[in-house]
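Single-letter residue listing:
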Amino acid sequence: YLDLEGTGVLPQIQPDCSNWIELAPGYGMAWHQDGYQDNGDGVISPCDVISLFSMRFHVQRVGPTYFLSDGTAYEPLMPPSGENPVCETWKQIHPQFGVEYHVDEWLDNGDGVVSACDQVMIGGSFLHIDRIGMDLYVVSIPIAVEPGTWGKIKNVFRKIF
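Residues numbered from 1 in each chain as written. Predicted model: local features only at pLDDT ≥ 70, side-chain atom pairs only at ≥ 80, totals over all residues. Heavy atoms only, no water.

A.B. asks: Any chance you could break down the pairing of strand β5 (residues 55-68) for me, citing the residues and the numbers?
C.D. replies: Two strands pair when backbone bridges link them, and strand β4 (residues 49-52) and β5 are joined in this way by four bridges, in the antiparallel orientation. Note that in β5 the partner of Val49 across the bridge is His58. Adjacent in sequence and paired antiparallel, β4 and β5 are bridged by two residues, among which Phe53 carries a positive phi angle near 50°. Sheet analysis places β5 next to strand β10 (residues 125-140), joined by eleven bridges and oriented antiparallel. If you follow Val62 over to β10, its bridge partner there is Leu136. Inspection of the sheet shows β5 paired to strand β6 (residues 73-76) by two bridges, in the antiparallel sense. (Pairing = 2+ DSSP bridges. Helix = DSSP H or I, 4+ residues; strand = E, 2+ residues; numbered from the N terminus.)

A.B. asks: Run through the nonpolar core, naming residues and quoting values.
C.D. replies: Membership of the largest hydrophobic core comes to 14 residues, with the highest contact counts inside it found for Trp20, Ile50 and Leu136. Sorting the residues of this core by element identifies β1 (2-4), β3 (30-37), β4, β5 and β10 as the ones contributing at least two each. Apart from the residues lying within four places of it in its own chain, the contact partners of Leu136 are Tyr1, Leu2, Trp20, Ile44, Ile50, Val59, Arg61 and Val62. Counting twelve residues, the second largest nonpolar core, distinct from the first, contains Tyr66, Val103, Val120 and Leu127. (Core = buried A, V, L, I, M, F, W, Y, C linked by side-chain atoms within 4.5 Å. Buried < 20%, exposed > 50% of the residue type's maximum accessible area, 1.4 Å probe, protein only. Contact = heavy atoms within 4.5 Å.)

See below:
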């Protein structure tokens, strides 16, 4: 799970040296983007390929990450509407990855959508949304490896004997 440093929107991603912060499993680890292949829709989305430190990753999921005033970070389990989050289930990304919470109440800051400065009630406490980041769930793409010389020689002998 990665968060694009310094943004809360779904920007067009280019191989522009963007910096990503790992949310899980190694919270806080910095990744440098040095390549990107779009699936044709013009924004970062599932089925894109992103290159971080020259390692290729397949984008599985893109969505918001809610960073709250108590230092926790959450993502909605279902694609959010952007509007009233009451009754949504949010998965904690940090510090206890995978714990699910029900959003019981929402106090809007007046703009009518879930945004920074709103408050949500989770686990019996109202928490302030400090910022909303862009969250990526990525899976590494294995590097194709040519069989070694020894493997080729063994295959020749298998065919003979």
